[in-house]
Amino acid sequence: MDVAYLQQTKCVFSFNPIYSSTHNRPVSVPSKVAFINSRDYQHNARRSFRWRSRNMCLASSSDTLVSGKSSSPTVASKKDKEFEEEEDLKSWMHKNGLPPCKVVLKDRQAYDSRHPSIHYVAASEDLQAGDIAFSVPSSLIVTLERVLGNETVAELLTTNKLSELACLALYLMYEKKQGKESFWYPYIKELDRQRGRGQLAVESPLLWSESELNYLTGSPIKAEVVERAEGIRKEYNELDTVWFMAGSLFQQYPFDIPTEAFSFEIFKQAFVAVQSCVVHLQKVSLARRFALVPLGPPLLGYRSNCKAMLTAAEDGAVQLVVDRPYIAGQSIVVWCGPQPNSKLLINYGFVDEDNTYDRLMVEAALNTEDPQYQEKRLVAQRNGKLTIQTFQVNVGKERETVLDMLPYMRLGYVSDPSEMQSVISSQGPVSPCMERAVLNQLATYFRERLSGYPTTLSEDEALLGECDIDPRKRVATQLLRCEKRILNKCLEATVDLINELPDLSQSPCPAPYAPLLR
C-alpha cells in the first residue's frame, strides 16, 4: 500500500530483543512511560550500553535487512545455494502453524546476475476467483500489537515520535542481531534475499546512488525521493530519544542503543525493506493495521487493475482470496491501492504501465503582485478554490483536467471586478483574446515541462527496446515515459482547444499578472 498516503501515526516503544521461542509474548511496557531528561543519565546509560556490548559484534552491513552492495555473479550463486540449504520460508511457516495452502514459492532470475534470484508466490494448483490461496495465522504476522502489547500501544501511538514503519524496521533489526536464535530468522533471511527489491528486481530510489537518481531528471519524483530520505533521517534521529523514554526497562537489554548499534544507512535500508512489504489491513485495531505478512509482498506481485487484497479474518489470520483464475505455476498478484506510478516506484521499486491510477500534479497560483490579488483571492475562496490550487491530472482524463483549470486561470487575467465571479463560475461569456491568452500560457507550460526531461518520448521507446539496459535505468525510463504521455495528452488537448476558437487571428490579451504555474 502507499506509505506516503497512509496516516503517519507515531509511536514510542521499547523492544525486547530476546524474543526467540517466546515470540507470542509482547514486550512488557509500563503503563506510564517517563521521559528521561537528564543528560548525565543518558551519558551514563550510553557508557553502560557500550560496556555491555564491548564483546559483542556491532552492526555492520550484515546487520541490516538488505545489502547495500552488489556481489559478483559467483558470490550471488553461492548465496542462492546457502539460501537453498537452509529451511525455506514456506516450510518454516508450515512447521509453525500455516495451514495447507494453494501456493508455492518459485524463483525468477534477477535482471542483475550479481544478485540472488527473486522469489515469488505462485499458484500450486489451478485456482478460480473466490478461492482462498492462503491464510497466515496471527502467530506468524509481525504487527505493533506483537511488538508493544495491547495494553499500552494506543497510548504510545499518540506521542508523535516514530512511524509504524520505523518501529517495525527497528524491531526486525534487533531480531536479526540474534541470528538463528530469533524466531523470525527464516522470514528475515527471506527479506535479506529480496533486498527490498520489487518484482522488477529493483530497489526503491531511496537506495539509489546520486548518479542513478539522475535517471529521474525532469520528474517531480526526484524531489520526492530527497524529501522522503530526509524524513527517514529525522526518524533515525528520534531512535535514541524513544529508547530512553523506556528508562526503567532499557538497562536489561544486552544491545547498544539504536544509533550506536545501527548507522543511518543501515536503518534506511531496513526501513525501505519494511516499506516494500508492509501490508495496510482494513477494519482492524490501530495496533494491527500495519502488518508484515510472510507470503505477502514483495513475494506477491502488485497490480493496479487487481481487486484482490490481503484481508484480516475474524480469528486474526490474514488471508488472500484471489479475484481471477490462475493456472498452476502462475504468479499471484494483489491490488496495490490507488497509487500513481511515482509512489509505486518509491515504495516498491516498480512501475505499472497499465496503471489507471497514474497521475501528475499541476500547481496554479494567483499572482501576489496583482493589485487585485486580495479581491481575486476572496472570489476564489467563495468558489471553493485556493490561492494556490493543485490540479490532479489523471491518466485518460487529460482534456477534462485542462477544461477544469480554465476558470481558475481566467480569474488571473480578468481586471473588471464585476466579471470575476462570472469568470470563475463559468456563468458568463469569455472574451476570445482572454481565452487565447490562457490557452497559450497552458500550452507553453506543458511544452516547458516536457523540455525539462533530458530525453524525448521516442528516445525512451528506443531505450526500452534494448535488452542490456541497467534495471534501475529501465524502471526510471518507464516512469518518465508514463509522465511524458500524460503531459503530451495535456498539450494535445490544449492545442485542440486553441484550434476550436472562433477567430484564430485574434491576438491574446496582455497579462501582466497571469497566474503562476509549476
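Calculation criteria
- Residues numbered from 1 in each chain as written.
- Predicted model: local features only at pLDDT ≥ 70, side-chain atom pairs only at ≥ 80, totals over all residues.
- Heavy atoms only, no water.
- Helix = DSSP H or I, 4+ residues; strand = E, 2+ residues; numbered from the N terminus.
- Buried < 20%, exposed > 50% of the residue type's maximum accessible area, 1.4 Å probe, protein only.
- Contact = heavy atoms within 4.5 Å.
- Areas by Shrake-Rupley, 256 points an atom, 1.4 Å probe, with all protein chains shown as cover.
- Expected span 1.5 Å × (residues − 1).
- Salt bridge = Lys/Arg side-chain N within 4 Å of Asp/Glu carboxyl O.
- Pairing = 2+ DSSP bridges.
- Axes fitted to C-alpha atoms, helices over the stretch in contact; angles between N-to-C directions.
- Parallel < 35°, antiparallel > 145°, perpendicular 65-115°, else oblique.
- Left-handed = near helix turned anticlockwise from the far one by under 90°.
- Nonpolar A, V, L, I, M, F, W, Y, C, P; charged D, E, K, R; others polar.

(A) Up close: the overall build of the chain. Looking only at helices and strands, the chain features 18 helices and 15 strands. Counting all 518 residues of the chain, 53% fall into the buried class. A separation threshold of at least 6 residues defines the contact pool for the chain, and within that pool the share at least 24 residues apart is 77%. Counting only carbon and sulfur atoms, one obtains 50% of the accessible surface of the chain, whose full area is about 23000 Å².

(B) Summary view of helix H6 (residues 164-177). Helix length check: H6, at 14 residues, gives a terminal C-alpha distance of 20 Å against a target of 20 Å (1.5 Å per residue), a fit within 8%. Immediately downstream of H6, the backbone of Gly 179 shows phi near 65 degrees, a positive value.

(C) Spatial organisation of the pattern of salt bridges. Applying the stated criterion across every chain, the model contains 17 salt bridges. Linking Arg 399 and Glu 500 is a salt bridge whose minimum nitrogen-to-oxygen distance equals 3.5 Å. Of this pair, Arg 399 sits in helix H14 (residues 398-413) while Glu 500 sits in the loop between helix H18 (471-499) and strand E15 (516-517); the two residues are 101 residues apart in sequence, bridging distant segments of the chain. The salt bridge partner of Arg 410 is Glu 435, with a shortest N-O separation of 2.7 Å.

(D) Region of interest: the sheet that holds strand E14 (residues 388-394). Read from one edge to the other, the open sheet built from three strands follows the order E14-E13-E15, with strand pairing classed as antiparallel. Two strands in the sheet have a free side with no partner beyond their single neighbour: E14 and E15. Strand direction decides the pairing type here: strand E13 (residues 359-365) and E15, joined by two bridges, are antiparallel. Its bridge partner being in E15, Ala 365 is matched across the sheet by Leu 516. Contacts from H14 reach E13, E14 and E15, with the element oriented near 165 degrees to E14. Where helix H16 (residues 432-451) meets the sheet, its contacts fall on E13 and E15, and the angle it forms with E13 comes to roughly 130 degrees.

(E) Region of interest: helix H12 (residues 341-348). The buried fraction of H12 is high, at eight of eight residues. Among the residues of H12, those classed as buried are Asn 341, Ser 342, Lys 343, Leu 344, Leu 345, Ile 346, Asn 347 and Tyr 348. Looking one or two residues past H12, Gly 349 carries a phi angle of roughly 80 degrees, positive in sign.

(F) Broad picture of the packing of H16 against H18. At a minimum axis distance of 9 Å, the contact between H16 and H18 shows a crossing angle of 155 degrees. On the basis of the axis angle, H16 is roughly antiparallel to H18. In this structure, the crossing between H16 and H18 has a hand that is left-handed. Touching Arg 436, Leu 439, Asn 440, Leu 442, Ala 443, Phe 446, Arg 447, Arg 449 and Leu 450 of H16 are Lys 484, Leu 487, Asn 488, Cys 490, Leu 491, Thr 494, Val 495, Leu 497 and Ile 498, all from H18. Its residues assigned to classes, the contact of H16 with H18 comprises 11 nonpolar, three polar and four charged.

(G) Main features of the sheet that holds strand E7 (residues 278-280). Read from one edge of the open sheet, three strands run E5-E8-E7, paired in antiparallel fashion. Each edge of the sheet is formed by a strand with only one pairing partner; in this case those strands are strand E5 (142-143) and E7. Bridge count between E5 and strand E8 (residues 290-292): two bridges; the pairing is antiparallel. Bridging from a neighbouring strand, Val 142 pairs with Leu 292 of E8. Its contacts with the sheet put H6 on E5, E7 and E8, and the angle it makes with E8 is roughly 30 degrees.

(H) Summary view of the side chain of Thr 143. Relative to the helices and strands, Thr 143 is located in strand E5. On the accessibility criterion, Thr 143 (6% relative accessible area) is buried. For Thr 143, the contacting residues outside a window of four places in its chain are Leu 168, Ala 287, Arg 288, Phe 290 and Ala 291.

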